[in-house]
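The residues making up each chain are set out below.
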Amino acid sequence: MNKNIRILCLLLITIITTVSLTGCYDSNDIEDLAYVIAIGIDKADKKNFTLTFQTAVPKSIAGGEGESVDIKTYKTDNFLSGLKKASEYVDRKINLSHAKVLVVSEEIAKEGITAFLNGLQNNLELRPYVNIIVCKDGAQKFIESIQPKLSSSPAKYYELLFKSYETDFYVRDSELEDYLYRAKNKSVQPVAIYTAMDKAISDESDKKKSKEENQEDKESDGESKKTGEDKEKTMAIKGLAVFNMDKMVGKLNQDESMIYALMTSSKNKQIEIVDPLDKRFTVLSNVKKANSSSTVVTFKDGKPQININLKLNIDVEAVQSDNDYNDQEKAAKLEAAYEQYFNKGITDLLKKITKEYKSDILGFSQQAKRNFKTIDEWEKVKWQKVFPESEYNLSIDVVIRRQG
Amino acid sequence: MDNKIEFGSWEATALLVNFVFAHIMLIFPKEMVQFGGSACWIIPIIITLIATVYFAIILKLYKNIGSLDLLDISAGIGGRVFKVIVGLLITIFLIFAASIFLGAFSQTLKIISLDKSTLEYVEIIFFVGMTMAAYYGIEAIARISAFLVPIIVALFILITIGVIPEFKINNLFPILGRGMLSISKGSLIKLSTFASFLILFLMVPFFKKQHLKKVGFSYIFISGLLLLWSTLSFILLFPYEMAIDKKIPIFQMARHINFGNYIQRIESISVLISSICAFVFLGAMFDFTIYVFAKSLDLKHSKPIILPMAIIILSLAVLSKRMKYDFLGNSMINITWLLGMVLPLILIIIGAIKKVGIKGEGGKK
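Note that this is a predicted model, so its numbers are computed, not measured.

Scoring rules and cut-offs
Position numbers for residues start from 1 in each chain and track the written sequence from start to end. To read the labels, note that chains go from A and ligands from 1, taken in the order they are written. This being a predicted model, a pLDDT of at least 70 is required before a residue's local features are given, and a value of 80 or more before pairs of side-chain atoms are given or counted; all residues contribute to the totals for chains, interfaces and linings. Each side-chain value is derived from all of the structure's non-hydrogen atoms; neither hydrogens nor water enter the calculation. Think of it this way: any DSSP run of H or I at least four residues long counts as a helix, any run of E at least two long counts as a strand, and we number them from the N terminus. Here the term buried applies to any residue with accessible area under 20% of the maximum for its type, exposed to any over 50%, and partly exposed to those in between, with areas from a 1.4 Å probe on protein chains only. Residues count as neighbours in contact if any of their non-hydrogen atoms are within 4.5 Å of one another. Throughout, the Shrake-Rupley method with a 1.4 Å probe supplies accessible areas, and for residues the shown protein chains are the sole cover considered. Residues are called lining when one of their atoms sits within 4 Å of a cavity or pocket point, these points coming from a 1 Å grid over the protein atoms alone, where a cavity is a set in which a 1.4 Å probe fits but cannot get out and a pocket is an open set with protein on both sides within 12 Å along at least five of seven lines. Grid points are joined across faces, edges and corners, and a volume is the space filled by probe spheres set on the points. Following the grouping adopted for this structure description, the nonpolar residues are Ala, Val, Leu, Ile, Met, Phe, Trp, Tyr, Cys and Pro, the charged ones are Asp, Glu, Lys and Arg, and the polar ones are all others, Gly among them. Any carboxyl oxygen of Asp or Glu that lies within 4 Å of a side-chain nitrogen of Lys or Arg is treated as forming a salt bridge with it. Under the rule applied, a polar contact is a pair of N or O atoms within 3.5 Å (in protein, one hydrogen donor and one hydrogen acceptor; residues adjacent in sequence only if both atoms are side-chain atoms). Note on terminology: a nonpolar core comprises buried Ala, Val, Leu, Ile, Met, Phe, Trp, Tyr and Cys residues joined through side-chain atoms within 4.5 Å. Only the stretch in contact is used when a helix axis is fitted, and all axes are lines through C-alpha atoms; the angle between N-to-C directions ranges over 0 to 180 degrees. Should an angle lie under 35 degrees it is considered roughly parallel, over 145 roughly antiparallel, and from 65 to 115 roughly perpendicular; all remaining angles are considered oblique. By convention, the crossing between two helices is left-handed when the near helix turns anticlockwise from the far helix through less than a right angle, and right-handed when the turn is clockwise. Note on pairing: DSSP must find at least two bridges between two strands before they are called paired. When charges are tallied, Lys and Arg are placed among the positive residues and Asp and Glu among the negative ones, while His and the ends of the chain are skipped. Per-residue confidence from the prediction method is given by pLDDT, with values spanning 0 to 100. Only centres within 6.5 Å qualify two rings of Phe, Tyr or Trp (six-membered ring in Trp) as a pair; their planes then separate them into stacked at under 30 degrees, edge-to-face at over 60, and tilted for everything else.

Caption draft 1: Up close: the overall build of chain A. On a plain count of helices and strands, chain A comes out with 15 helices and 14 strands. Of all 404 residues assigned to chain A, the portion counted as buried reaches 47%. Looking at chain A alone, contacts between residues at least 24 apart form 71% of all its contacts between residues at least 6 apart. Put simply, chain A shows about 21,100 Å² of open surface, and 49% of that area lies on carbon and sulfur atoms.

Written as structure tokens, this is what we have:
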């Protein structure tokens, strides 16, 4: 090939490559997109609902000055078009790749939320790990109550929030992908994180700020516009919302949620019981389900027979009293106390989900499938109908391994 | 056509494995779930066993054929006319396959990465790569695949290892899934995953007959393991009810990797794997299209036909997408792919009976 033609070809390739493949022409700067961290859905009136978007403000996160989040709320009659409209309200294209939570009000949860989630599930930006939260006091209030103070990044705030519950009752089952699978499935049923205002928690800095604002209001108008009451309340995770298909049918309190988490997860859970040797105090322990624990589901006259064999390893973390649980006799009494606690807790939980909620949130259906050779045979069982007739045989074996 | 192409058995194996790997990247695990449900992992085992038996039979027959490829065998069976007919049939088959995979890879890359670009733009990127590969020839693409294919396979294995903590053994139950009938149907239809046997029997003169056994069994063994592991890891991660809706399976698996704060969002690796796999696949497929066409018509120079042929493939890819017809997942199309196994079998049986290899080699001497 002629030298000139080779040079021309090289130049052409360089120009074409730099122009077409670098992707600069449609590149997006971090400031060009609105990174949604939380989406809230509330019921407005009969047909309409309110969407709340909490977006990160990258400039404030990087600089550390000003609010790190921006909250926009608006009414819409259709979730999908409402989602599209969000770009107009936040002045730029919304991006869901950093979304951490999807909050719905209890009212919406009771009516069913799959229609909302279906609209989101095909969005490849959205991570499968988005947490579904049901808030008793409304999604907007929940999002507005989130004021990250210890962390400038709101996304990190949510990550740390859920991490801090890992040793309590946080479960992965409430994440978007798992939720959707369970909500569309006629066997294992979904759960979501349940939150509500907690009057017991107060934030001194908010109180101070609120007082200053009230003072300013009084000085200018002669009367107070805000009571500051709402700002003094903080949202807290209260337990788990229980669903049947996609409709919320009830909730589990913190203790029940803790037992649920213990039964479904293999991670350490911190559980506190009354000291068996001194009722004035409590004992805090790390409890972990042993790998040798098993659940076997069989069928008798068409009714599920669920045999739960739970082996729990306990490491005593803190004892308020002076009792030394390294002593074998005392340790045996603590074992018996824990065994009694779990026996009652689990029996009550099983009764609640089976008879009251009729919702297999513990996923016994996944074990029941083992009794059938084909999917057709399994589907004929109609698990949702037979699950409330389940009979349980519970065996708990508690072993105190060491005192921390 | 002057034939001086030569490469080793590893290059040939890597090239063939990539043909199967393309199926894994695009659709294979999802299709397995459609056929088998929770028992989808049985299908790759069955098709690998069938492929092993198929190749063992052909290997026996090849004793009377020597180092001839399918076109030489056709010439030995029915003379030049028969060679032209078989050659054109194979060319059409390869054009059809290349255009469908060009469309499928472009669509996948557009969905997962280049969402703002038009489909035609993405297709043109692959079109340029494919055309350049044809100019460099089969030997170049075989040698490139020898070091690229192990890398993409290793990356794929890393993705599947990353999701092991989320595996649920209960997803494998009911143990027979959709039942033996559906599994058998799936095994028959998806046997077409091994349609690249056609390419193997076109490559025989490049690596000589003594390596045929090694290349063939390595191809079946490695591909079989990859098919089984991709399907098994897919069903262990997603219950069958969920897996059936998961498009682009490996990408969906990669989205699940989440190790602390430092290993997250590694689905970009699956974009890289897809792109490399697509370039090697399309380059090789197109190279063989040109090679078969030129050899069957005894063309002295094949370069002038590269661009027209590439444009035909690109046009078909664009047309197939406009028809909104799922060529890759359709059962009838998959059965048509079986031509890649049936045609070599027929030709080799007749060739072995006629002892074309012994005559041909004798004739040359």
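Caption draft 2: A look at empty space enclosed by the protein. All names here are of chain B. Enumeration over the complete set of coordinates arrives at two cavities of 30 Å³ or more. Roughly 140 Å³ of volume is contained in the largest cavity. If you go around the largest cavity, you meet 14 residues; those closest to its centre are H23, A97, A195, S196 and M285. Per-class residue counts for the lining of the largest cavity are 10 nonpolar, four polar and no charged.

Caption draft 3: Here's a closer look at the interface of chain B and chain A. On the chain A side, the residues contacting the 32 residues of chain B number 27 residues. Run the count over chain B and chain A and you get three salt bridges. Across the pair R127 of chain A and E267 of chain B runs a salt bridge whose closest N-O atoms are separated by 2.5 Å. The tally of links between chain B and chain A comes to 12 residue pairs in polar contact (both at pLDDT 80 or more). Ranked by residue count, the leading element in the side of chain B that touches chain A is helix α10 (residues 240-243) of chain B, at three residues. The class makeup of the residues in the side of chain B that touches chain A is 15 nonpolar, nine polar and eight charged.

Caption draft 4: Examining the environment of I159 of chain B more closely. Residues and elements named next belong to chain B. By secondary structure assignment, the location of I159 is in helix α6 (residues 138-162). Measuring from C-alpha to C-alpha, the distance between I159 and R255 comes to 9.4 Å, with 96 residues separating the pair along the chain. Excluding residues within four positions of it along the chain, I159 makes contact with I250, M253, A254, I257, I266, I269, S270 and I273.

Caption draft 5: Structural view of the nonpolar core. Of all hydrophobic cores here, the largest spans 185 residues; its most connected members are F342 of chain A together with F197 and F201 of chain B. Considering every element that reaches this core, the biggest residue donor is helix α4 (residues 70-112) of chain B, with 18 residues. Among the nonpolar cores identified, the runner-up in size contains 36 residues, and F79, V90, F116 and L126 of chain A belong to it.

Caption draft 6: Quick look at the packing of helix α3 (residues 42-61) of chain B against helix α8 (residues 197-207) of chain B. All names here are of chain B. Between α3 and α8, the shortest axis-to-axis distance is 13 Å and the interhelical angle comes to 25°. Between α3 and α8, the angle falls in the class roughly parallel. In this structure, the crossing between α3 and α8 has a hand that is right-handed. Taken together, the residues of α8 that come into contact with α3 (itself represented by A51, Y54, F55 and I58) are F197, L200 and F201. Among the residues forming the contact of α3 with α8, the class breakdown is seven nonpolar, no polar and no charged.

Caption draft 7: Spotlight on the pairing of strand β12 (residues 294-300) of chain A. Residue and element names in this part refer to chain A. Inspection of the sheet shows β12 paired to strand β13 (residues 303-319) by seven bridges, in the antiparallel sense. When the bridges of β13 are listed, V297 appears paired with I306. Linkage of β12 to β13, two consecutive antiparallel strands, is achieved through a turn of two residues, within which D301 is found at a positive phi near 50°.

Caption draft 8: Spotlight on the side chain of D360 of chain A. All names here are of chain A. With respect to the helices, strands and loops of the structure, D360 is situated in the loop between α12 (328-356) and α13 (364-368). At 7.5 Å, R182 is the nearest oppositely charged side chain to D360, a buried residue that forms no salt bridge. For D360, the side chain forms a polar contact with the side chain of W383, separated by 3.0 Å. Setting aside residues up to four positions removed in sequence, D360 forms contacts with S187, V188, Q189, S365, W383 and F387.

Caption draft 9: Molecular detail of the confidence of the model for chain B. Averaged over all residues, the pLDDT of chain B is 90; the fraction at 70 or higher stands at 97%. Overall fold confidence (pTM) sits at 0.89, and the ipTM for the predicted complex is 0.88.

Caption draft 10: Up close: the confidence of the model for chain A. Here chain A averages 83 in pLDDT, while 86% of its residues score no lower than 70. A low-confidence stretch, residues 222-232 of chain A stays under pLDDT 50, and its non-local contacts, those more than four residues away or across chains, total 19 contacts.

Caption draft 11: Unusual backbone geometry, seen in detail. The omega torsion across F173 of chain B and P174 of chain B is 0°, close enough to zero to call that bond cis. Inspection of the secondary structure assignment puts P174 of chain B in the loop between α6 and α7 (180-189). The phi dihedral of K382 of chain A is positive, around 55°, even though this residue is not glycine. Its location among the elements puts K382 of chain A in the loop between α14 (375-381) and α15 (383-386). Not every positive phi belongs to a glycine, and D298 of chain B is a case in point at roughly 55°.

Caption draft 12: Highlighting the packing of aromatic side chains. The tally for this structure, following the rule as stated, stands at 34 aromatic pairs over all chains. Ring centres of F49 of chain A and F116 of chain A lie 5.1 Å apart, and the angle between their planes is 85°; on these two criteria the pair is classed as edge-to-face. Of this pair, F49 of chain A sits in strand β2 (residues 49-56) while F116 of chain A sits in helix α5 (residues 114-121), and the two are 67 residues apart along the sequence. Judged on exposure class, the residue F49 of chain A and its partner F116 of chain A are both buried. The interplanar angle of 80° and the centroid separation of 5.3 Å between the aromatic rings of F197 of chain B and Y219 of chain B together place this pair among those described as edge-to-face. Residue F197 of chain B is located in helix α8, and its partner Y219 of chain B is located in helix α9 (residues 212-237); the two are separated by 22 residues in the primary sequence. An identical accessibility class is assigned to F197 of chain B and Y219 of chain B; each is buried.

Caption draft 13: Looking closely at the pattern of salt bridges. All names here are of chain B. Using the criterion set out here, one finds 18 salt bridges over all chains in the structure. Here R143 makes a salt bridge to E11, at a shortest N to O gap of 3.5 Å. Of this pair, R143 sits in helix α6 while E11 sits in helix α1 (residues 9-26), and the two are 132 residues apart along the sequence. Relative accessible area serves as the criterion here: at 15%, E11 is assigned to the buried category. Because the salt bridges share partners, they merge into one network encompassing E11, E139 and R143.

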